[in-house]
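Close look at the chain arrangement
Take a look at the letters that make up each chain.
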Amino acid sequence: MSGTVGKQWAILVAGANTWDNYGLQANICHAYQIVHKNGIPDEQVVVMMYDDIAYNTENPYQGNIINEPNGPNVYPGVLKDYTGEDVTPENFLAALRGDESAVTKTGPKKVIKSGKDDTIFVFLSDHGAPGLFCFPSSSLYATDFIDELQKMANNKQFKQMVIFMECCYSGSMLENLPENVSIYGVTACPPDTVAYFCYYDEERMTYLAAEMSAVWMSYTEVSDLDKITFQDEFTNLQEHMQQSVPCEYGDKDVSKLSVSTFLKNTPPSTRETKKVQKPTDLISFYEAPFKILEHKIQREEDPDKKEALKKKYENLQKIRSSIERSAEEIRDLSIRAGGGSAAAETMSLSRTQLQDFKTVAELFRTTCFNWHETEYQYALSQLPVFAKLCASGGNVQGILDAIKQVKRTSTAFK
């Protein structure tokens, strides 16, 4: 490898939108403040976030976003390179590989223009499922992400890359990461478990952060980044995360590099004033919308508004039941048709199985429940059913036929 010191690039992505997912965009705002204060020039940072919470009608503090209890406003100055409908997996991959021509948006098309001596830090924060990371209206699948990373490595578009990923089943996005391409990845959880929100805020009536993000950013802000490595970051996550179990993937040699190699160093003034906070109010991403509604129902004093909230809650529970029932019926029908085994102990998917899973998941989304619509977001929690079927070597066509048949005949859709 070249000994030349290159540029430090960062791409920070929140795939979420809506008030209930406040913490997922707050994570990205906070991360931007860290890289900005550490001295990485804005021209070397790309930020993607829907940007619908700072001035959301539910925000009691307009223009204010916090990422920890009583924390500072992390919204001022945040770059808005990609917002709203421009936050897509296609634009993310194009920006990551530096391909302006492939970016679909009006206005400036900011991308990572990295070279063989440069480092890239990638931070992704949103909902997920086995083999996918959500964006507002579509999904980034592991098969496409890994392919893109491999191509970038082959094209010598970076010296080293570090990826931090906060989403449910995030391990499934990076478990097929090659170990020989100078990419190190850290995920909030293994391929088969969920991630957790933290810090419920009574005034804002939503969760301010996610567990892994809260822990890694807190540690980063109080540390001398010349003296700690990404392996130290990972060890700290292991020691301080209470619900999610962090995982590491890829090239462990990269994990031995100082964090400042990628993020420069935390200013002494920040290190001296910041305090490490322990995440509280932990709740899984999938359960959060229900808990938020429960809090709102308890707090609401207007009888009519309280009744409307109760009806919304009941409807959400009905949708949840329908989603669970349909997934169970699809699984049983698939197994009878030779489309997999119910006894699969793993959701770990090979590269070929990742592509099969993408085909199956997209049919379930477009035919049954589009998880990009807020009321159907819970459908993501049932995708492990399909991951297990694919992992067991089931016939993909059998699974696809089962999805179509259940949609036509099941009472779950009545």
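Residues numbered from 1 in each chain as written. Predicted model: local features only at pLDDT ≥ 70, side-chain atom pairs only at ≥ 80, totals over all residues. Heavy atoms only, no water.

Once that is clear, we can look at the packing of aromatic side chains. Within a pair of aromatic rings, the relevant descriptors are the distance that separates the centres and the angle that separates the planes. Using the criterion set out here, one finds 22 aromatic pairs in the structure. The interplanar angle of 50° and the centroid separation of 5.9 Å between the aromatic rings of Phe92 and Phe145 together place this pair among those described as tilted. One end of the pair, Phe92, is in helix H2 (residues 89-97); the other, Phe145, is in helix H3 (residues 142-154), and 53 residues separate them in sequence. Side by side, Phe92 and Phe145 carry an identical accessibility label, which is buried. Taken together through their ring pairs, the aromatic side chains of Phe121, Phe123, Phe164, Trp216, Phe230 and Phe262 make up a single cluster. Above the plane of the ring of Tyr82 lies Lys105, whose end atom (NZ or CZ) is 5.4 Å from the centre. The ring of Phe290 carries the charged tip of Arg320 above its face, separated from the ring centre by 4.7 Å. (Phe/Tyr/Trp six-rings, centres within 6.5 Å; stacked < 30°, edge-to-face > 60°. Helix = DSSP H or I, 4+ residues; strand = E, 2+ residues; numbered from the N terminus. Buried < 20%, exposed > 50% of the residue type's maximum accessible area, 1.4 Å probe, protein only. Lys NZ or Arg CZ within 6 Å of the ring centre and 35° of its normal.)

Moving on, we come to the sheet that holds strand E1 (residues 8-14). Ordered by their spatial adjacency, six strands build an open sheet running E2-E1-E3-E7-E8-E11, and the pairing between neighbours is mixed. Each edge of the sheet is formed by a strand with only one pairing partner; in this case those strands are strand E2 (45-48) and strand E11 (247-250). Between one strand and the next, the sheet's axes are offset by a mean angle of 10°, whatever the strand orientation. Judged from the seven bridges that link them, E1 and strand E3 (residues 119-125) form a sheet pairing that is parallel. (Pairing = 2+ DSSP bridges. Axes fitted to C-alpha atoms, helices over the stretch in contact; angles between N-to-C directions.)

With that settled, the discussion passes to the environment of Ala94. Its location among the elements puts Ala94 in helix H2. On the accessibility criterion, Ala94 (0% relative accessible area) is buried. The spacing of Ala94 and Ile112 is 18 residues in sequence and 8.8 Å in space, taken between C-alpha atoms. Not counting chain neighbours up to four residues away, the residues in contact with Ala94 comprise Asp99, Ala102, Val103 and Val111. (Contact = heavy atoms within 4.5 Å.)

Moving on: empty space enclosed by the protein. For the structure shown, the criterion picks out three cavities of 30 Å³ or more. Here the largest cavity defines a volume of roughly 120 Å³. In terms of lining residues, the largest cavity is bounded by 16 residues, among which Asn17, Asn21, Trp371, His372 and Gln377 are the most central. Split into classes, the residues belonging to the lining of the largest cavity amount to six nonpolar, eight polar and two charged. One number sums up the size of the second largest cavity: a volume of about 100 Å³. Forming the walls of the second largest cavity are 13 residues, and the residues nearest its centre are His30, Glu68, Ala214, Ser218 and Glu221. Among the elements that make up the lining of the second largest cavity, the one with the highest residue count is helix H5 (residues 211-222) (six residues). Across the lining of the second largest cavity, the residue classes break down as four nonpolar, five polar and four charged. (1 Å grid on protein atoms, 1.4 Å probe; cavity = no way out; pocket = protein on both sides within 12 Å on 5 of 7 lines; lining within 4 Å. Points joined across faces, edges and corners; volume = space filled by probe spheres on them. Nonpolar A, V, L, I, M, F, W, Y, C, P; charged D, E, K, R; others polar.)

With the rule as written, the count across this model stands at zero disulfides. Of the cysteine sulfurs around Cys390, a residue in no disulfide, the closest is that of Cys368, at 15 Å. For Cys390, a relative accessible area of 3% corresponds to the buried category. (Disulfide = S-S within 2.5 Å.)

Further remarks concern the pairing of strand E10 (residues 206-210). In terms of burial, E10 is a largely internal element, five of the five residues being buried. Where strand E9 (residues 196-201) lies against E10, four bridges are found, and the strand directions are antiparallel. Bridge pairing in E10 places Asp201 opposite Thr206. Connecting E9 to the next strand, E10, in antiparallel fashion are four residues, including Met205 with a positive phi near 55°.

This part covers the sheet that holds strand E4 (residues 128-129). Sheet architecture is open: three strands sit in the order E4-E5-E6, paired in antiparallel fashion. On the outer flanks of this sheet lie E4 and strand E6 (139-141), each paired with one strand and no other. Taken together, the three bridges between strand E5 (residues 132-134) and E6 define a ladder with antiparallel strand orientation. Counted as the bridge partner of Phe133 is Leu140 from E6.

Our next topic: unusual backbone geometry. The phi dihedral of Lys156 is positive, around 55°, even though this residue is not glycine. Of note in the backbone geometry, Tyr169 takes a positive phi value of approximately 60° without being a glycine. Within the element layout of this structure, Tyr169 appears in the loop between strand E7 (160-166) and helix H4 (171-174).

Here the focus is H3. Between its first and last C-alpha atoms H3 spans 18 Å; for 13 residues at 1.5 Å apiece the expected length is 18 Å, and the two agree. Those residues of H3 not exposed but buried are Ala142, Thr143, Phe145, Ile146, Glu148, Leu149, Met152 and Ala153. Immediately downstream of H3, the backbone of Lys156 shows phi near 55°, a positive value. (Expected span 1.5 Å × (residues − 1).)

In this structure, the largest pocket spans a volume of roughly 440 Å³. Contributing to the lining of the largest pocket are 22 residues, with Asp20, Pro289, Lys312, Leu316 and Thr374 lying nearest its centre. Of all the secondary structure elements, the ones that give two or more residues to the lining of the largest pocket are helix H10 (288-299) and helix H11 (303-336). The residue makeup of the lining of the largest pocket, split by class, is twelve nonpolar, five polar and five charged.

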